[in-house]
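Breakdown of the fold
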Amino acid sequence: MRGTLRSVRDFYGAGPLHLLALIGCFALAGYAALRTLANPSWPVMLAWFGGAVIGHDLVAFPLYALADRSLTRALRALWPRRTATPPAGQVTVPVVNHIRVPALGAGLLFLLFFPGIVRQGAATYTYATGRTQQPYLGRWLILVAAMFAVSAVVYAVRTGHARHHASKTARGEWAAVAAWALLIAGVFAWGYVLRRAGRSPEDALPPLHATARLLTWQLLPAIGTAALLVVLLPVLARGLRWRPLAAAGWVAAAGWAVALAVSEGAAGLTGPITTPGEYYGGLSAMGGHPLRWLATFTEQAQRYPIHVKGHPPGPMLILWALDASGLHGPGWAAAVIIAVGGSASVAVAITVRALAGEELARRALPFLVLTPMAVWIATSMDALFMGAGAWATALLTLAATAPDPRRGRCLAGAVAAGLLFGSLPYLSYGLLPLFAVPLAVLIVARPGARVVAATLAAMTVVPLAFTLAGFWWPDGVAATHLAYLTTGGSSRRPYLFFLIGDFAVLGLLTGPAVAAGVPALARALRRGVGRSLPETERVRAVVALLAAAALLGTIVLDLAGLTRGEVERIWVPYAAWLTAATALRPAPGRRWLAAQAVTAIVVQALVHSPW
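An account of the accompanying structure is given in this report. Keep in mind that what you see is a predicted model, and the values were worked out from it rather than measured. (Residues numbered from 1 in each chain as written. Predicted model: local features only at pLDDT ≥ 70, side-chain atom pairs only at ≥ 80, totals over all residues. Heavy atoms only, no water.)

The next subject is the overall build of the chain. When you go through the chain residue by residue, the secondary structure sums to 31 helices and two strands. With the principal axes as the frame, the chain shows a C-alpha extent of 100 × 65 × 40 Å. Here the chain, with 611 residues, has 45% of them falling under the buried criterion. Within the chain, contacts between residues separated by at least 24 positions form 80% of all contacts whose residues are at least 6 apart in sequence. Split by element, the accessible area of the chain, about 29800 Å² in all, is 69% carbon and sulfur. Seen as two clouds, the 48 positive and the 21 negative side-chain charges of the chain have centres 9 Å apart. (Helix = DSSP H or I, 4+ residues; strand = E, 2+ residues; numbered from the N terminus. Buried < 20%, exposed > 50% of the residue type's maximum accessible area, 1.4 Å probe, protein only. Contact = heavy atoms within 4.5 Å. Areas by Shrake-Rupley, 256 points an atom, 1.4 Å probe, with all protein chains shown as cover. Lys, Arg positive; Asp, Glu negative; His and termini not counted. Charge placed at Lys NZ, Arg CZ, Asp CG, Glu CD.)

Shown next as structure tokens:
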């Protein structure tokens, strides 16, 4: 008997069970063909079948084979250690199948529900079912996001299991990234349920104040920019002198934000500040008399667009000053906002360099440039707030760490820092908790009395000027709170959901690389910032303290309940300092930079935000 089976295997090439299964398949196919021949429309069915075979084998198969080959080669270039044969005794989990499987599922679902997703035959569908095709796109996007999220979690778990002999640090990083992914996926699923139940009617895609969409070829400039920066930034961070590196980082940060925004065309750059309810809608009320407008701001606030009455008058005065100086139109305003917002990456790196050394600053700068929050830098007025706060802290740090605090240049920096700090409460009421970051700088640097006195004195200039001009800051807060209550909006959003959901949005802004650095941040904070520590540990604790101060600011705002939603822009000034925690990891690797870029591109592709 065994000899007969061996002969069959040698002749046929496989076992007898394979042959039986194949015969059964042919029998089933023959039965289907006979049944089809009884239908008078069998020629049409045959034509469709033949077209599908030809379309798949001659058109679709080469395309997705090319896509798969491109994916494997890209992964080999970005993560050579993940694709090369591992050394003896070392186990690695290939990432390629964790991209292939959800991508295949997304493609199959798209083909199955293509007419509904693109709303083909919408009138016929509505007539036949009494429903619209509107939910198809959103539900497909949710399924795609869920498949990739589950695949990412499975990959993280498999990697952690494969590295059970690895260090505790590596396991902690992957656990933090898995928690980051689960938090975001869970919050969006929770938001979908609330939306369906009618308990979160203010947002179409809670916890984001945004709508779902799908961009494809429009993101090619962003993809090309990301690939270039992933390759160049680590090289520049290692080899370029500091000042040219800072200038290159500024240009790269602004360029990355613009590359993401232009996926929506020119409207992606100017639309966020010109849409109804934004600042430009209230510019006409100022006319040529900004001081007269300022003196009556709180009395007339409820007549202005929502973003004007929801903020202090500082942003409107900046727009008026740009227009009065000859820089007319939203294009110039967008250029200034993006330039100032892009410079924040350099300001944060300068602060890290002054307090913790150049090595840690060089580690953080690539991540400060290639950050997911760039989606909201072009163009949100909060990007300008971020730049103002970051440069105020950087100037204070330079003055506090100067070797000779009595020099005029040092005191000038302290005065400039004080002027910027004094302006922050007049740019946004939500910037007050950001003062935790300069407080951390003072705790670490312990500047002389001259520097502190110059900073505090300069901080009174802007509040005094606004008060003399007729704007009393507490009245502005009261007017904004009245708008908060009367317009509904945030006050109608569920507190508990956004208490948690706001931090999922913060995770989107900072990206997986910051999540991977959370265990290192916690370890550094436990060691403290005492001067008795070894220098390598002390400087790491300093960076951790800056990030923790920014996190504390977000917690205070979140607990207050006034930031229920729309935090994708409110968190921008805080997210920059949290990103500095990437300095606590080893020198920037391209895989984490690529993960940051992919996060930003996915968000831009799937989410249409008004900012």
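Now that the structure has been shown, the text picks up again.
Moving on, we come to helix H27 (residues 518-527). Along an α-helix, residues three or four apart share an orientation, since each turn contains 3.6 residues. Among all positions in H27, only Pro-519, Ala-520, Leu-521 and Ala-524 are buried. The positive-phi residue at the C-terminal boundary of H27 is Gly-528, with phi of around 80°.

Here we come to the side chain of Thr-298. Locating Thr-298 in the fold gives a position in helix H14 (residues 297-300). Within the local environment of Thr-298, its side chain forms a polar contact with the side chain of Glu-299, the two groups lying 3.2 Å apart. Setting aside residues no more than four positions away along its own chain, Thr-298 makes contact with Phe-471, Asp-475, Gly-476 and Ala-479. (Polar contact = N/O pair within 3.5 Å; in protein donor to acceptor, adjacent residues only side chain to side chain.)

If you walk through the whole model with that rule in mind, you get eight salt bridges. Linking Glu-358 and Arg-353 is a salt bridge whose minimum nitrogen-to-oxygen distance equals 3.0 Å. Note on Arg-353: relative accessible area 34%, which makes it partly exposed. Notably, a salt bridge pairs Glu-566 with Arg-569, separated by 3.2 Å at the nearest N-O pair. In terms of burial, Glu-566 and Arg-569 fall into one category: buried. Bridged by salt links that share partners, the residues Asp-203, Asp-382, Arg-493, Glu-566 and Arg-569 form one connected network. (Salt bridge = Lys/Arg side-chain N within 4 Å of Asp/Glu carboxyl O.)

To continue, consider helix H19 (residues 381-400). Along its 20 residues, H19 runs 29 Å from first to last C-alpha, staying within 8% of the 28 Å computed at 1.5 Å per residue. For H19, the tally of buried residues reaches 17 of 20 residues, placing the bulk of the element in the interior. (Expected span 1.5 Å × (residues − 1).)

Once that is clear, we can look at the packing of helix H22 (residues 449-459) against helix H23 (residues 461-468). Where H22 contacts H23, the axes come no closer than 4 Å and their chain directions differ by 15°. Viewed along their axes, H22 and H23 adopt a mutual orientation that is roughly parallel. Here H22 contributes Ala-457, Ala-458 and Met-459 to the contact with H23, which in turn contributes Val-461, Val-462 and Pro-463. Grouping the constituent residues of the contact of H22 with H23 by class yields six nonpolar, no polar and no charged. (Axes fitted to C-alpha atoms, helices over the stretch in contact; angles between N-to-C directions. Parallel < 35°, antiparallel > 145°, perpendicular 65-115°, else oblique. Nonpolar A, V, L, I, M, F, W, Y, C, P; charged D, E, K, R; others polar.)

Let us now look at the environment of Gly-565. On the secondary structure map, Gly-565 appears in the loop between helix H28 (535-560) and helix H29 (567-570). Relative accessible area serves as the criterion here: at 3%, Gly-565 is assigned to the buried category. Each C-alpha atom of the pair Gly-565 and Ala-179 lies 21 Å from the other, and the pair is 386 residues apart in sequence. The residues contacting Gly-565, other than those within four sequence positions of it, are Pro-207, Arg-493, Phe-498, Asp-502 and Ile-570.

Moving on, we come to unusual backbone geometry. The peptide bond linking Pro-206 to Pro-207 adopts the cis configuration, its omega dihedral lying at 10°. Its place among the elements puts Pro-207 in the loop between helix H9 (168-196) and strand S1 (211-212). Note the cis peptide between Ala-378 and Thr-379, where omega equals 0°. Secondary-structure assignment places Thr-379 in the loop between helix H18 (358-369) and H19. Of note, the phi angle at Arg-119 is positive, near 60°, even though the residue is not glycine.

Structurally, Phe-421 is set in helix H20 (residues 408-423). Distance from Phe-421 to Thr-132, taken between C-alpha atoms, is 52 Å for residues 289 residues apart in sequence. In this structure Phe-421 touches Ala-392, Thr-393, Leu-396, Phe-435, Pro-438, Thr-455 and Met-459, once residues within four positions along its chain are discounted.

Moving on, we come to the packing of aromatic side chains. The description of two aromatic rings rests on the distance between their centres and on the angle between their planes. Inspection of the entire model under this criterion finds 18 aromatic pairs. With centroids separated by 4.4 Å and ring planes inclined at 15°, the aromatic side chains of Tyr-426 and Phe-466 adopt a geometry described as stacked. Placement of Tyr-426 in the loop between H20 and helix H21 (436-445) and of Phe-466 in helix H23 is noted, with a sequence separation of 40 residues between them. For Tyr-426, a relative accessible area of 6% gives the class buried. Site record: aromatic cluster; members linked through ring pairs are Trp-293, Phe-297, Tyr-304, Tyr-426, Phe-466 and Phe-471. (Phe/Tyr/Trp six-rings, centres within 6.5 Å; stacked < 30°, edge-to-face > 60°.)

Running from amino to carboxyl end, helix H12 (residues 267-274) crosses helix H17 (residues 330-356) at an angle of 100°, the nearest separation of the two axes being 9 Å. Accordingly, the angle class assigned to the pair H12 and H17 is roughly perpendicular. Contacts from Leu-269, Thr-270, Ile-273 and Thr-274 in H12 reach Pro-330, Gly-331, Ala-333, Ala-334, Ile-337 and Ile-338 in H17. Here the contact of H12 with H17 is composed, by residue class, of seven nonpolar, three polar and no charged.

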